[in-house]
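Observations on chain architecture
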Amino acid sequence: MMCMTAVLAGCSAATDMEQQIDELYGKMSQEERIAQLRSMYMDELFDEQGKLDEAKCRELIPNGIGHFSQFCMQQPRDPNELRDRAAAVQDWLIKNTPNGIPALLHEEVLSGVNTLGSTIYPQQIGQACSFNPELAEQKTVQTSTALRKMGGVLALSPMVDVCRIPSFNRLEESYGEDGYLSAAMGVAFVKGLQQDDLKKGVGACSKHYLGYGGGGDAEEKVLMEEILLPHEAMIRLAGSKVVMPGYHAMRSEGSEKGKVNSEQFATAEVENVKCVANSWILQDILRDYVGFDGMVVSDYTAIDQLPLESEKGEVNSEQSATAAVVQKAAMAINGGNDVDFPHGANYKYLQEAIDQGLVKPEVLERAVKDVLRQKFRAGLLDKDAYLYSKEDIKLDSQAERLTAYLIAMQSVVLLENNGILPLGSEKGKVKSEKLNILVTGPNANSIWAMCGDYTYPAMSYFWKKMEDVADRDNPFIVKLLDGMMAQKPVDVNILYSRGCDWTEDIETKYSELGDERAWEYEILHRKVDSGEKADKAEALNMASQADVIVAAMGENVMLCGENRDRQGLRLPGKQEQFVEELIKTGKPVVLVMFGGRAQVVSGLAEKCAAVIQAWYPGEEGGNALADILYGKISPSGKLSVSYPNTEINEPICYNSSTEKDPRVQWPFGYGLSYTRFDYANLKINGEAKTSDESITLSFDIKNTGKMAADEVAQIYISPTTDDQQIRPIQLQGFARVTLQPGETQTVNVKLWTEQFGFFSNNGQRQWNILPGKFIVKVGASSTDIRLQQDITLKGEPVVKPIREHYLSVTK
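Report follows, based on the coordinates. What you see is a predicted model, and the numbers here were worked out from it, not measured in a lab. (Residues numbered from 1 in each chain as written. Predicted model: local features only at pLDDT ≥ 70, side-chain atom pairs only at ≥ 80, totals over all residues. Heavy atoms only, no water.)

Considerations on the overall build of the protein chain
- Counting its regular elements, the protein chain contains 21 helices and 29 strands.
- At 27 Å, the protein chain has a C-alpha radius of gyration in line with the 28 Å of a compact globule built from 811 residues.
- In terms of its C-alpha atoms, the protein chain occupies a principal-axis envelope of roughly 85 × 70 × 55 Å.
- For the protein chain, the proportion of its 811 residues judged to be buried stands at 64%.
- Within the protein chain, contacts between residues separated by at least 24 positions form 79% of all contacts whose residues are at least 6 apart in sequence.
- Of the roughly 30,100 Å² of accessible surface on the protein chain, 48% is carried by carbon and sulfur atoms. (Helix = DSSP H or I, 4+ residues; strand = E, 2+ residues; numbered from the N terminus. Rg over C-alpha atoms; globule rule 2.2 N^0.38 Å. Buried < 20%, exposed > 50% of the residue type's maximum accessible area, 1.4 Å probe, protein only. Contact = heavy atoms within 4.5 Å. Areas by Shrake-Rupley, 256 points an atom, 1.4 Å probe, with all protein chains shown as cover.)

Structure below.
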């Protein structure tokens, strides 16, 4: 009875909200309605002394405004000043606009709040290697709490593109190549950020919908099963209410062109349409199939980039330029996009589009109500609305730094180790009284080894051209050299010389892709100045005095990130040649690679004593790496991508085959430890019904080594025959287990029978669970399967309109 009461109460609350939205919409003028679909930068409303300019407010936002774009990152400001600005603007809107509707203030929070002084957590690609959704959720709870205090109610994060092209310049923002892992981490991100209550948490935004990072051109089955999966799970499991379409174009089958089945999908010749105006993905799939009832927002300048439906020659007058903008606005809103970021430059002309019959009134009503619904859900229109905090706001607390450290510690992946690590271990010891370690390389003493794209330093350097951002020291970013000096044992002596630069020449390639604000030669044609001399002779001389060399190599803010491509995936510049010269000294070299994607080191890695992939490990990255190198903790990260041994500019994914891919040096799910783990006692019922909701299994893991460590056990499902319509191998669960030496733990997993199913479309989309024999596999990586057992599903085929369960449950 209590459950039914709760359901009825929820329905009543939703009905009440919809009634309030209808009433508010009815009271709004057309100018107010269109204003809700636009955004601007808040700084435009303040004078040089930082005071709100009410004359500007009356001029620019007399009918209110829907949104404020990236309100935290525009200038380096104290969080209390940001809060005061947010408070001033919101108070003005409430008191001086016709219906007193507050704005949605948004910011980027991929690796923490994008503002000066905020905690810088590890980049997403690294966090995915932790296989730890609980820690991911803890991070975004902290992020959400900080942003909400400053007045932020919406985050344009997370990015859950399933990225399978190793060279993709934004791969670092993703959770890697696997749809299931991306869904698990994405759901955790949303749960933490929204805190189960949008009135106190921060709304999440699922991006870049659909297939921007790869897969947008895949066959429908792959698109719906894998590329859509993270977005779908975040919406249906975690209540994500905002979606951002990607910059790219993709197929446009939909209501206007008629539905097609999966077989027709593969051969149909249809027009590619930019996602921001693509009704097939925004209406047919997102709203009608997935059941999304939230707000769709454009990526910055995406509507500007829409090609005109008909070319009328060169635009040579203000009138024809306006006509073009009107047409683009109509294309986007008709396609299903609600909000125009960052300025609302196109939606400014929506009334003209309506007057010309290009946009129907009901389309405008849908978009405005989607925005109002988000504001109601966030509590902005409540009498006791939580618009900002009145307390003294402090960023980067010890608790936040600890979370950053733990994520970094679990994100680092040990790829090779001949026994040299941990430094000072029995195998790695030298005969001298002190262990002399040379730390060298362009990423040894630089914050750019720690900060990925969409962190405040990276965004300020790239977009704002703030060359001095590395010197601000707020928050304090622990570099590799810092960590190795601070954490070193008493019998260790550290030598340091930079040795080489990232590159000798500018390697960043200019291209007109993504956000057109970056289509500026001056932004892309830059080389990071480390402020430090790179003396190769000095470094090689120190190498002769050292017992071990730690070479910190890889990318930086200008060599990886949005709109930033370079010549290839091998180490940039002359880094590889420098490492070769270090190896020739005869001293063991530990290669530590930083960056936002896998870097090809075949032919070099084999000569190194150890190889570590550190990604961009955040503000505590130096401490985490030092603790791993010195053996205070064991590495436990597992690769969230297939690590190539050659240049690859096409999709690659472990789930395409169970055979070894000759292009892959280290497989998905792989990562070494300082100890060993035994797997045993897989228990699973050999039979189940297709109509059963779930299947349980258990297995044991034992730490057979001498050091406490975590192991990430992975559960995969494979077919037994070629005609079964599932991938040759597919991750369907994982468990991070902490074990003391000699300790054994039993892992219990609930797999949903839907996880043995597949998508089909024979005129109607559906999820199918068919009888048949499958293999459940438990492994230390996608190629290191330790246990496996057949399971047979019996019974009639089960057909569902859409999945209800997505993620297995581990205990």
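Examining the sheet that holds strand 28 (residues 798-800)
- Taken in spatial order, the three strands make up an open sheet running 24-25-28, and their pairing is antiparallel. Whereas interior strands pair on both sides, the edge strands pair on one side only; in this sheet they are strand 24 (758-761) and strand 28. Pairwise comparison of adjacent strand axes, ignoring direction, gives a mean angle of 35° for this sheet.
- Across three bridges, strand 25 (residues 765-769) lies against strand 28 in antiparallel orientation. Across the sheet, asparagine 768 pairs through a bridge with valine 799, a residue of strand 28. (Pairing = 2+ DSSP bridges. Axes fitted to C-alpha atoms, helices over the stretch in contact; angles between N-to-C directions.)

Here's the deal with the pairing of strand 11 (residues 435-440)
- Across the six residues of strand 11, six count as buried, placing the element largely inside the fold.
- Neither face of strand 11 is open: one carries Leu435, Ile437 and Val439, the other Asn436, Leu438 and Thr440, and all of them are buried.
- Examined bridge by bridge, strand 11 and strand 12 (residues 492-497) share six bridges and lie parallel to one another. From the neighbouring strand, leucine 438 faces strand 12, where its bridge partner is leucine 495.
- Direction of pairing for strand 11 relative to strand 13 (residues 548-554): parallel, over a ladder of four bridges. Bridging across to strand 13, isoleucine 437 finds its partner in valine 548.

Side note on unusual backbone geometry
- In this chain, serine 157 is followed by proline 158 through a cis amide linkage whose omega measures 10°.
- Its place among the elements puts proline 158 in the loop between strand 4 (154-155) and helix 7 (179-194).
- Cis peptide bonds are those with omega within 30 degrees of zero, and the linkage from asparagine 474 to proline 475 qualifies with 10°.
- Within the secondary structure layout, proline 475 lies in the loop between helix 16 (456-464) and helix 17 (480-487).
- Within the chain, glutamine 70 stands out as a residue other than glycine whose phi angle is a positive 35°.
- Given the relative accessible area of 4%, glutamine 70 is considered buried.

A word on helix 21 (residues 621-629)
- Taken across its nine residues, helix 21 has nine buried, putting it largely inside the fold.
- Buried within helix 21 are the following residues: Gly621, Gly622, Asn623, Ala624, Leu625, Ala626, Asp627, Ile628 and Leu629.
- Those residues of helix 21 that are buried lie in contact with helix 15 (398-411), helix 17, strand 13, strand 14 (589-594) and strand 15 (610-615).
- Just downstream of helix 21, glycine 631 is the residue with a positive phi angle, here 85°.

Concerning helix 6 (residues 133-150)
- With 18 residues, helix 6 extends 26 Å from end C-alpha to end C-alpha; this agrees with the ideal 26 Å at 1.5 Å per step.
- All buried positions along helix 6 are accounted for by Pro133, Leu135, Ala136, Lys139, Thr140, Gln142, Thr143, Ser144, Ala146, Leu147, Arg148 and Met150.
- Structurally, the start of helix 6 carries an N-cap: the backbone nitrogen of glutamate 134 is 3.2 Å from a side-chain oxygen of asparagine 132.
- In the stretch just after helix 6, glycine 151 is the one whose phi turns positive, near 110°. (Expected span 1.5 Å × (residues − 1). Polar contact = N/O pair within 3.5 Å; in protein donor to acceptor, adjacent residues only side chain to side chain.)

Some remarks on the side chain of glutamate 177
- The topology assignment puts glutamate 177 in the loop between strand 4 and helix 7.
- Arginine 164 provides the closest opposite charge to the buried, unpaired glutamate 177, separated from it by 6.3 Å.
- Among the polar contacts made by the side chain of glutamate 177, one reaches the main-chain amide nitrogen of serine 642 at a distance of 2.6 Å.
- Looking at glutamate 177, its side chain comes within polar contact range of the main-chain nitrogen of tyrosine 654, at 2.9 Å.
- Setting aside residues no more than four positions away along its own chain, glutamate 177 makes contact with Val162, Cys163, Arg164, Ser640, Val641, Ser642, Ile652, Cys653, Tyr654 and Phe668. (Lys, Arg positive; Asp, Glu negative; His and termini not counted. Salt bridge = Lys/Arg side-chain N within 4 Å of Asp/Glu carboxyl O.)

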